[in-house]
Every structure is written in C-alpha cells, then in structure tokens.
Amino acid sequence: MKRILTGLKPTGDLTLGNYIGAIRQMVSMQDEYDSFLFVADLHALTIYQDRLELNERIRKFIAMYIACGIDPEKNTIYIQSENEYIPAISYLLECTTTYGEASRMIQFKEKSKQNANFSVGLLTYPVLMAADILYCDCDYVPVGIDQKQHVELARNIAERFNSRYGETFILPEPLLSETGTKIFDLKNPTKKMSKSEENPSGVISLFDDLTSITNKIMKATTDSLNQVHYDLENQPGISNLLNIASSLTNISISELEEQFKGKGYGEFKKFVADITVKHLGEIQKRYEQIINSKMLDDVLNKGIKHSRQLAKEKYEFMKTKMGITRNDLKI
Ligand code: TYM
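Computed from a predicted model, the values in this text were never measured in an experiment. (Residues numbered from 1 in each chain as written. Predicted model: local features only at pLDDT ≥ 70, side-chain atom pairs only at ≥ 80, totals over all residues. Heavy atoms only, no water.)

Asker: How should I be thinking about the site of the ligand in this particular structure?
Answerer: Taken together, 28 residues sit near the ligand, with Tyr125, Asp132, Asp146, Ile183 and Lys195 positioned nearest. Within the backbone of methionine 193, one N or O atom sits 2.9 Å away from a nitrogen atom of the ligand. Here the ligand loses 98% of its free accessible area of 700 Å² to cover by the protein chains. Only β1 (3-8), α1 (16-29) and α7 (120-134) provide two or more residues apiece to the shell around the ligand. Across the shell around the ligand, the residue classes tally to 12 nonpolar, 10 polar and six charged. (Near = heavy atom within 4 Å. Polar contact = N/O pair within 3.5 Å; in protein donor to acceptor, adjacent residues only side chain to side chain. Areas by Shrake-Rupley, 256 points an atom, 1.4 Å probe, with all protein chains shown as cover. Helix = DSSP H or I, 4+ residues; strand = E, 2+ residues; numbered from the N terminus. Nonpolar A, V, L, I, M, F, W, Y, C, P; charged D, E, K, R; others polar.)

What follows is the structure, encoded as structure tokens:
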C-alpha cells in the first residue's frame, strides 16, 4: 500500500484553504493509502506564539481533522513535537542541505523580508519539513501549491542523501488537488487565504459561525464583468468562488459556469455561501462532539507510538549510513 502524509501548522485557526488544499485530499485518499496526518507544532514555533493559545490550538486541530472526516482507524494521527526523532533526523538532513537551497525557498524569502530579526528556525524550516516527510518513506504529500517547493526540496535532499550514503529514502512527490490548490482571500483575491491574516473578513475559519461565513462570502470582492466565468487573471474573485464551489461539490468548473450563465453574482454567491455553510455546519457539529472526548488522547497515543517507531528505525539507519554509530556499519 502506498503511503501519504501531510501536516498543518497551528499558527492560527484552520481555514477553508487548509481544508480544501490538504485535509480534504487526505479524506478522499484514506481508503486507498496508508495515511499519516500530524500537527506541525514545531513549525509553528519559528514565529513567536502565545503558549496558551498554541496549546489549545494543537488539540483543536486534531479534533477538527477527525470532524473533517479523517478516520482515526485509517490514519496515523500525531503531534510532531512528540516524536523526538524528527528534529534529530532534521539535523542529519541539514548537513546534506546547502545554505543556498534553504535560502532560495520562496516562503523563507518572503518571511525573512517581513521581519529582519527572523529566527534560524525560519531558514531550517523546510529541512524539518523534509524530515517529517522522509522518515516514514511516504510516496505522496497532498499539499496546496504554496508547499510544493518545500516537498520538492525534500525530494532533492533525499536524492542527495541516497547518492552520498546509499539507498535510504523513497523520493516523495507533492500531490495537488485539481481545483483547490490555492484558495484566495475573499477580500483580496490575489492573495492566499491564510490563517495568520490579521484582517479576518476575507478568511473563512473552519470555526466561524455560520452567519458570518455567509456574510463573508456575500461580501467577497468580485468585478464588474458580471459573468460567472473562470479567469484567474481578470476575474480572480469569481474564479476563487468557482474553485471553492467546485471543490466542495465535486461539480466541475465548466458545469458551474453553465449553471450560472446569464445569472447575477448575487445568486452565485448565495449558492457558494449555502454549500459552504452546509459543509462546514456538519463539520462543526461533529467537532463539538469530539473536542471534549477522551478518544483524542487514545488516537494520539496510538499515532505517536507508530510514528516514533518508524522514525527511530530511520534515524538509526541514517546514523549507520553516516558512520556515527557503535553498531556494525555493514548494512
Ligand atoms: P500550512 O499550515 O501553512 O498549511 C497547511 C496545508 O494547507 C495548504 N493551504 C492551502 N491550500 C489551498 N489554499 C490555501 N489558501 C491554503 N493555505 C494553506 C498548504 O499548502 C498545506 O498543504 N509547512 C507546512 C506544514 C508542514 C507539512 C510538513 C506539510 C510541516 N511539515 C510535511 C506537508 C508535509 C505548512 O506550514 O502548512
């Protein structure tokens, strides 16, 4: 069985973008793949976080994964920081990564520009991500397009490690969803919908109350062309709503264009709002039942045990390959 893995970083509440770009892909593949899903809490620390908020969010993420349809029986679900082998593997990979490669990452370039006192962790962030991906030999990494470059770096690091030290890692591939690879901010539809955005009017959180979801969609920025047509360059707002609607309903974009031919933006937005509210309403109902249940700890205990076992084996194997072990070097 092929393996898939993805993680989400608890720097803010999960958004509709996270759901469509990553979680939903995992849900749709979990029957056919050995699936790993975690909370990337170490990645959140590259930027200062309030400890109480972060702590609460980590648990909320796990409950929300399950509410979104992630089946704990079919997935290894865990918290990244509970697997101490991952940062250890990350260090070994850092020594196989060039400074040039790490500093060429688009997210690093953008974020380091925003704050001159950026942490060293911001630079090594994608190497930690490579450790997340490579330790368990996953084949595919379902992500939004903003993470594609990081998965490709993981692949390059794996390739270099294999050629230097001998076959150690499977080369992973990023997996992008057809329509939801980048959901944009509703108010500023040329910018990614992001959980760290300060102005919440363009961001749909999975925790938003249903009335505010409707209001945000009804007030989404559009254009004056008055045609429900997919054209990211000239109609980014409408194209974004088409992507959201298509992802949530599995109706193709061309069918949606046909369905709303000659109809106004108000009617189209109402349709998008209604399906989003229906979808997230059901998720929120399930979330309320899960968040306080003891089942969460059982799921996490089982998940981390499995994850640690695999990471320990990979770490020992890497050390042997690199010559830093007291074990027999002949493997
Ligand atoms: P993060 O937490 O920023 O995002 C989590 C996932 O959601 C996707 N995503 C989106 N997809 C579509 N539209 C959007 N507006 C949108 N916003 C976010 C992201 O592409 C991602 O798939 N570094 C990662 C977390 C991570 C990880 C990993 C992912 C750590 N280790 C290993 C995969 C494998 C991150 O910050 O994602």
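There's plenty left to go through after this.
Asker: I'm lost on the packing of helix α10 (residues 236-249) against helix α12 (residues 265-291) in this one. Help?
Answerer: Relative orientation and spacing of two packed helices are given, respectively, by the angle between their axes and the distance between those axes. Between α10 and α12, whose axes approach to 10 Å, the crossing angle comes to 40°. As far as their axial angle goes, α12 and α10 are oblique. By crossing handedness, the relation of α10 to α12 is classed as left-handed. Residue-level contacts link Ile238, Leu241, Leu242, Ile244, Ala245, Leu248 and Thr249 of α10 to Tyr265, Phe268, Lys269, Phe271, Val272, Ile275, Thr276 and His279 of α12. Among the residues forming the contact of α10 with α12, the class breakdown is 11 nonpolar, three polar and one charged. (Axes fitted to C-alpha atoms, helices over the stretch in contact; angles between N-to-C directions. Parallel < 35°, antiparallel > 145°, perpendicular 65-115°, else oblique. Left-handed = near helix turned anticlockwise from the far one by under 90°. Contact = heavy atoms within 4.5 Å.)

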